[in-house]
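Structure at a glance
Residue strings, one per chain:
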Amino acid sequence: MTFLKDVNDKACRQLKQPLKLDIQGSFGRNHVTPRGMHCTQLHQLVKVEGIVTKSGLTAPKLLQSMHVRKNQEDGHVEQRDHRDATSFVQSSAAGAMPSHDSEGNELALEIGLSVYKDYQTFLIQEAPENSPPGQIPRSIDVICEGDLADKAKPGDRVQVTGVYKPFPATKGDFTTGIWPARLIATSVSLLKDMTEAPFVSDDVKNIKNIAAREDAFELLARSFAPSICGHEKVKAGLLLQMIGGTEKNLPNGTHLRGDINVLLVGDPSCGKSQMLRFVMNIAPLAISTTGRGSSGVGLTAAMIKEPGSREFTLEAGAMVLADRGFICIDEFDKMDIKDRVAIHEAMEQQCVTIAKAGMHVTLNARCSVVAAANPIYGNFDPSLDLAKNIGMPDSLLSRFDLVFVVRDLTTEEIDRKIATQVLRQAQMRLSGVGGRRGVEHMHSNILERRQEVDLRKTQEATEVYVKGVPGADGQEAKQVLTVDFLRKYLRYCRRLTPKLSEEAQVAIGEKYCDMRMRFQSGFDDLMNPNAENKKPRLAVTTRTLEALIRLSTAHAKLKLRKDEVLPEDVNEAYKLMLIAREEEAPESAAAVALDGGDDAPAPAGGASQGTKRTRDVAFEGQAGEAGGISASRFKSLQTLVGRTFASLDEPQLSRGELLETINAGLLAGEPAFSEGEFSTGLDRLEEENKIMTVAETGAVIFVG
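Anyway, here's the lowdown on the structure attached to this text. Owing to the predicted nature of the structure, the values given are computational and were not obtained by experimental measurement. (Residues numbered from 1 in each chain as written. Predicted model: local features only at pLDDT ≥ 70, side-chain atom pairs only at ≥ 80, totals over all residues. Heavy atoms only, no water.)

1. Topic: the pairing of strand E5 (residues 107-125)
Worth spelling out the cut-off: Pairing between strands requires that DSSP locate at least two bridges from one strand to the other. Strands here mean DSSP runs of E at least two residues long; helices mean DSSP runs of H or I at least four residues long; both are numbered from the N terminus.
The sheet contact formed by strand E2 (residues 45-55) and E5 spans four bridges and is antiparallel. Counted as the bridge partner of Ser 55 is Phe 122 from E5. As paired strands, strand E3 (residues 59-69) and E5 are joined by nine bridges and run antiparallel to one another. When the sheet's bridge partners are listed, Leu 62 is paired in E5 with Tyr 116. As defined by bridge partners, E5 adjoins strand E6 (residues 139-145) across seven bridges and the pair is classed as antiparallel. Across the sheet, Leu 123 pairs through a bridge with Asp 141, a residue of E6.

Okay, here's the thing in structure tokens:
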């Protein structure tokens, strides 16, 4: 105060509250984690870093009491300051409530005139990745007062500066000498911006050069978990998840998540867990858990009553701790059904709501979920369809944007490729024997990471490509990006917020209609015992449409498109979603028009249409086929008929006008429908109650 008075006397007189200072700088050995809090730090200023796991309620604490004369209204007021062990100023007269004034008059407490300050306690726990092997994380109680109260919530990574003080018990004549110690906070800082290496001009130039390449998507996907052989499309999906879409908060209060959820379902020993570990390696914030070792409350949040008191505290779960990050759930199929239902709200609404003990609390859980699970019988059963192999309800599967099926295919070529990859890694000599690796190196210690960043600030740009990677069988190895550069590339992409262009909106609508048609056709074939190639598909809902938008936006970010999402991005996202659902992805324009061709189930027809032919044979016989239609051509006709009525918004059309519109909608290189094909196709659609034909006028009425 003396310094402020000398500098600005007017500002010192205008102060209405005590002036508080925040001390910054190097704390040396007093810059620790909760594990480093020992008796040597007592009564010293320390800086502690960790994760907030519990937070108590904010309550008013009496700072200065006002007393008036009881049963008298003469305006006499006496004040008394109140201090306890949390105060840094010791006063012998502080804390006692006066009962009489100096003249012997009885005094009463005036609650309205008294001065209060906010008071809150929360628990800081050592980060799980920082604790030594085989030991549980340590924690420490923190006391916040004034403007520091309610500054941190469960799940936040914070840096707290304060004085470590003991709190001896005042009751009793004897003591054991063991007292609890707490940290009296003087400043609380959130570690939202994780300690990452800054960009330099060469880094930005290299990032733009990679994005300008035609094979940028394939290169980045190949650089994602390069130690795992194959699974290119799975890596591509996880790569788009790391980038994410664009979060939207509409003026009417609607929240549209931008985080992408991915589920990996496959045979054992396919590298699912290793891909989850790589996500933890490159993600700025990631929490790992397992299905068997987690409960629904442990994943979300819980209200806990402290023993010996009536106060309820809020304890955050894994999804709340991973806010603005990633949560990796391994062995997802081992989780109990009741616990699985508990994460439904967190996956879609991205918040956790608790209504217990007369309290209603909402916590943010804005995280991306990447889960790995095994099929319902351990391995995929070829005799069962995809939905029965996964064995999860549609209410849960619809919340995952991508559901990848990872199979252990037994072919000689794939087996030799995997063996070569594993043996080549076994021959590599790692530098720094005994050093940390993978996740342990990435999340070893927040303090060490900050020191490494400080050392890298003056260094050159990050290396782009991995050097010295041997190829298979002496061949030249494909280019692979370094992990550090991949991390920078993803961080650069997350800054962009492109919007959907008009062409992209039309393309997304078309793709969504195609996927709905695929799902509906698979469902109809289940009801028909005479249908061939019955293949139930995963449900296509409105969440699938939102997932298509998020994946398209993520691909546009990957290509560094700042303004708009193009139809090219929509096509890449569409193909990725079809491959994830084990459906044939269209590789050309004609294949898109055919809605997947051979992988679509054959609709039920008459006795003369019971033979299913391949696509090539069907195209060869289309020109001379006058009284029949192939399965693939019928599927194309069914899709185009539904699309025509939906676009024209007309309940009926004439026969000739419908044929003309359908042929006009065919893509280049696809043969037009002949009159014989068109007539046979309409007859089959009428048999399936899709359309109705009026014999008198020749009009076609769409039923659905």
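2. So, the packing of aromatic side chains
For clarity, the threshold we go by: Aromatic pairs are defined between Phe, Tyr and Trp rings, using the six-membered ring for Trp, whenever the two ring centres lie within 6.5 Å; interplanar angles under 30 degrees are classed as stacked, those over 60 as edge-to-face, and all others as tilted. Burial classes: relative accessible area under 20% of the type maximum marks a residue as buried, over 50% as exposed, and values in between as partly exposed (1.4 Å probe, protein chains only).
Overall, the coordinates contain three aromatic pairs when judged by the stated rule. On the basis of an interplanar angle of 65° and a centroid distance of 4.9 Å, the ring pair of Phe 224 and Phe 278 is categorised as edge-to-face. Placement of the pair is Phe 224 in the loop between helix H4 (216-223) and helix H5 (232-243) and Phe 278 in helix H6 (residues 272-282), with a sequence separation of 54 residues. An identical accessibility class is assigned to Phe 224 and Phe 278; each is buried. Here the aromatic rings of Phe 332 and Phe 400 are separated by 5.9 Å at their centres, their planes lie at 85°, and the arrangement is edge-to-face. One end of the pair, Phe 332, is in the loop between strand E15 (326-330) and helix H9 (337-342); the other, Phe 400, is in the loop between helix H12 (394-397) and strand E19 (402-406), and 68 residues separate them in sequence.

3. So, a nonpolar patch on the surface
Rule in force here: The patches reported here contain residues having more than 30% relative accessible area and no salt bridge. Joining distances are 9 Å for like charges and 5 Å for nonpolar side chains (Val, Leu, Ile, Met, Phe, Trp, Tyr). Per-residue accessibility takes into account occlusion by the displayed protein chains alone, with areas from the Shrake-Rupley method and a 1.4 Å probe. Salt bridges are counted wherever a side-chain nitrogen of Lys or Arg sits within 4 Å of a carboxyl oxygen of Asp or Glu.
Residues Met 97, Leu 109, Ile 111 and Tyr 116 make up a contiguous nonpolar surface patch of about 390 Å² in total accessible area. Tracing the backbone shows Tyr 116 in strand E5. A residue is classified by how much of its surface remains accessible, and Tyr 116, at 38% relative accessible area, is partly exposed.

4. A closer look at the side chain of Thr 246
Heads up, the rule is: In this analysis, two residues are considered to be in contact whenever any of their non-hydrogen atoms come within 4.5 Å of each other.
Relative to the helices and strands, Thr 246 resides in the loop between H5 and strand E9 (248-249). Not counting chain neighbours up to four residues away, the residues in contact with Thr 246 comprise Leu 256, Arg 257, Gly 258, Thr 497, Pro 498, Thr 553 and Lys 557.

5. Overview of the sheet that holds strand E18 (residues 368-373)
Quick note on the threshold: To obtain an axis, a line is fitted to C-alpha atoms, over the contacting stretch when the element is a helix, and the angle between two such axes runs from 0 to 180 degrees between their N-to-C directions.
Across the sheet, which stays open at both edges, the five strands sit in the order E12-E15-E18-E11-E19 with parallel pairing between neighbours. Looking at the sheet topology across the chains shown, the edges are occupied by strand E12 (286-290) and E19. When the angles between neighbouring strand axes are averaged without regard to direction, this sheet yields 15°. Note: strand E11 (residues 262-266) against E18, four bridges, orientation parallel. Bridge pairing in E18 links Val 262 to Val 370. The sheet contacts of H6 involve E11, E12, E15 and E18, and relative to E15 the element is tilted by about 160°.

6. Structural notes on the pattern of salt bridges
What the rule picks out here adds up to 24 salt bridges. One salt bridge in this structure joins Glu 145 and Lys 117, with 2.6 Å as the shortest N-O distance. Here Glu 145 is found in strand E6, whereas its partner Lys 117 is found in strand E5, with 28 residues between them in sequence. Take Glu 145 and Lys 117: they sit in the same class, and that class is buried. A salt bridge links Lys 334 to Asp 333; the nearest nitrogen and oxygen atoms lie 2.9 Å apart. Judged by relative accessible area, which is 30%, Lys 334 ranks as partly exposed. Through salt bridges with shared partners, a single ionic network connects Arg 257, Glu 348, Asp 401, Arg 543 and Arg 550.

7. Here we look at the sheet that holds strand E23 (residues 691-693)
One open sheet accounts for three strands, arranged E22-E24-E23; its pairing is antiparallel. Edge positions in the sheet fall to strand E22 (652-654) and E23, since each has one partner strand and no second. Recorded for the sheet is a direction-independent mean angle of 25° between the axes of neighbouring strands. Of the pairings in the sheet, the one linking E23 to strand E24 (residues 699-702) comprises three bridges and is antiparallel in character. Each residue of the ladder has a partner; that of Thr 693, found in E24, is Val 700. Across the face of the sheet, helix H24 (residues 675-687) comes into contact with E23 and E24 while running at roughly 115° to E23.

8. What about the packing of helix H23 (residues 655-664) against H24?
Here is the rule we go by: Oblique is the label for any angle not under 35 degrees, not over 145, and not in the 65 to 115 range, which are roughly parallel, roughly antiparallel and roughly perpendicular in turn. Crossing handedness is read from the near helix: turned anticlockwise from the far helix by less than a right angle, it gives a left-handed crossing, and turned clockwise, a right-handed one. Residues were grouped as follows: Ala, Val, Leu, Ile, Met, Phe, Trp, Tyr, Cys and Pro as nonpolar; Asp, Glu, Lys and Arg as charged; and all remaining residues, including Gly, as polar.
Across the interface, H23 lies against H24 with an axial gap of 12 Å and an inter-helix angle of 110°. Overall, the two elements H23 and H24 adopt an arrangement that is roughly perpendicular. Pair H23 / H24 crosses with right-handed handedness. The segment H23 lies against H24, with Arg 655, Leu 658, Leu 659 and Ile 662 engaging Glu 675, Phe 678, Ser 679 and Leu 682. Looking at the contact of H23 with H24, its residues break down into five nonpolar, one polar and two charged.

9. Comments concerning unusual backbone geometry
Although it is not a glycine, Ala 225 adopts a positive phi angle of roughly 50°. Along the chain, the position of Ala 225 falls in the loop between H4 and H5. Relative accessible area serves as the criterion here: at 1%, Ala 225 is assigned to the buried category. Of note in this structure, Gln 350 is not a glycine but carries a positive phi near 60°.

10. Concerning H6
Burial of H6 is extensive: eight of the 11 residues sit out of reach of the surface. Burial in H6 covers these residues: Lys 272, Met 275, Leu 276, Phe 278, Val 279, Met 280, Asn 281 and Ile 282.

11. Section: the environment of Lys 388
Counting through the fold element by element, Lys 388 comes out in helix H11 (residues 386-390). Note on Lys 388: relative accessible area 52%, which makes it exposed. With 12 residues separating them along the chain, Lys 388 and Ile 376 place their C-alpha atoms 7.8 Å apart.

12. A look at H4
Taking burial as the measure, the eight residues of H4 include six buried ones, the bulk of the element. Looking only at H4, the buried set comprises Ala 216, Phe 217, Leu 219, Leu 220, Ala 221 and Ser 223. Lining the buried residues of H4 we find helix H3 (201-211), H5, H6, helix H16 (483-493), helix H18 (542-558) and helix H19 (567-580). At the exit of H4 stands Ala 225, carrying a positive phi of roughly 50°.

13. Comments concerning a negative patch on the surface
Test applied: His is not counted, nor are the chain ends, whereas Lys and Arg count as positive and Asp and Glu as negative. For the purpose of locating charges, the reference atoms are NZ of Lys, CZ of Arg, CG of Asp and CD of Glu.
Side chains of Glu 502, Glu 503, Asp 563 and Glu 564 sit close together on the surface and give a patch of like negative charge. Among the structural elements, Glu 502 can be located in helix H17 (residues 502-527). For Glu 502, a relative accessible area of 63% puts it in the exposed group.

14. A word on the environment of Met 242
Relative to the helices and strands, Met 242 is located in helix H5. For Met 242, a relative accessible area of 1% translates into the label buried. The spatial distance from the C-alpha of Met 242 to the C-alpha of Cys 493 is 9.6 Å, given a sequence separation of 251 residues.

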